[in-house]
Amino acid sequence: LRFRHQARRTVAPVRVMDHPRPASASFLTQMGPFPNRRPEEGGPKVKHLVLFQMANDKPIQVEQFFKVHFPRVLNALPGVESYHSGAYSSFEGFNKGYNWAAEVVFKDQYSRDFYVAHEEHEKLVQLLEPLLESGFDSIVAFDMLI
């Protein structure tokens, strides 16, 4: 299964007061210090790649997560330029148990920060957790500047 999504809306500039409080996302306590960038300090584009080891016994719920919930959140938040998700599909076998992936391109670092700290992202993470093979140990996230 492969889903290809493109953000299709015009996004108004985000004001500083629109930025969620980092404390609103409880999982941020597991990360490094929150950068507290301002919109005018947006920085370069960011490609956010995430690999998942999804539970094999929940194929319908996994498909619904990537087809319904993931796009709903990404379409609702500013700064998302595009996103894609899909199941592993290679014969090579180098996936090390990771059977799904998602890619999000943010217009800048501020938009990525906004997404990570947003309560809608936290809700998405809560929906995701029971679908993972071994909880959050089943995820690899990698961001790169593009």
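Scoring rules and cut-offs
Every chain is numbered on its own, with residues counted from 1 as its sequence reads. For a predicted model such as this one, the threshold for reporting local features is a pLDDT of at least 70, and the threshold for listing and counting side-chain atom pairs is 80 or more; totals across whole chains, interfaces and linings nevertheless cover every residue. Excluding hydrogens and water, the side-chain values take into account all heavy atoms of the structure. Segments assigned H or I by DSSP are reported as helices when at least four residues long, segments assigned E as strands when at least two residues long, and all are numbered from the N terminus. For every residue, the accessible area obtained with a 1.4 Å probe (protein chains only) is divided by the maximum for its type, and the residue is called buried under 20%, exposed over 50%, and partly exposed between those limits. What makes two residues a contact is simply this: any of their non-hydrogen atoms within 4.5 Å. Here the Shrake-Rupley method, with its probe set to 1.4 Å, supplies the accessible areas, and only the displayed protein chains count as covering residues. Between the rings of Phe, Tyr and Trp (Trp by its six-membered ring), a pair exists once the centres lie within 6.5 Å; its type follows the angle of the planes, with under 30 degrees stacked, over 60 edge-to-face, and the other angles tilted.

Our focus in this paragraph is the overall build of the protein chain. If you tally the helices and strands in the protein chain, you get three helices and six strands. Looking at the protein chain as a whole, 41% of its 146 residues are labelled buried. Within the protein chain, contacts between residues at least 6 apart in sequence are counted, and of these 82% link residues at least 24 apart. Summed over all atoms, the accessible surface of the protein chain reaches about 8,600 Å², with 55% contributed by carbon and sulfur.

Let us now look at the packing of aromatic side chains. Inspection of the entire model under this criterion finds seven aromatic pairs. When the ring of Phe-52 is compared with that of Phe-66, the centres are 5.3 Å apart and the planes differ by 70°; the resulting orientation is edge-to-face. Of this pair, Phe-52 sits in strand S2 (residues 46-52) while Phe-66 sits in helix H1 (residues 59-76), placing them 14 residues apart in sequence. With a relative accessible area of 5%, Phe-52 lands in the buried category. Of the residues examined, Phe-66 reaches a relative accessible area of 0% and is grouped as buried. Geometrically, the ring pair formed by Phe-66 and Phe-70 is edge-to-face, given 6.0 Å between the ring centres and 65° between the ring planes. With Phe-66 and Phe-70 both in helix H1 and four residues apart, this pair spans about one turn of that helix. Taking relative accessible area as the criterion, Phe-70 reaches 4% and is therefore assigned buried.

This next bit is on the side chain of Ser-138. Mapped onto the fold, Ser-138 is located in the loop between strand S5 (133-136) and strand S6 (139-145). Of the residues examined, Ser-138 reaches a relative accessible area of 0% and is grouped as buried.

For the rest of this paragraph, the subject is the environment of Pro-130. Tracing the backbone through its elements, the reader meets Pro-130 in the loop between helix H3 (119-128) and S5. We classify Pro-130 as partly exposed; its relative accessible area is 46%. Along the primary structure Pro-130 and Gln-61 are separated by 69 residues, whereas in three dimensions their C-alpha atoms are 9.8 Å apart.

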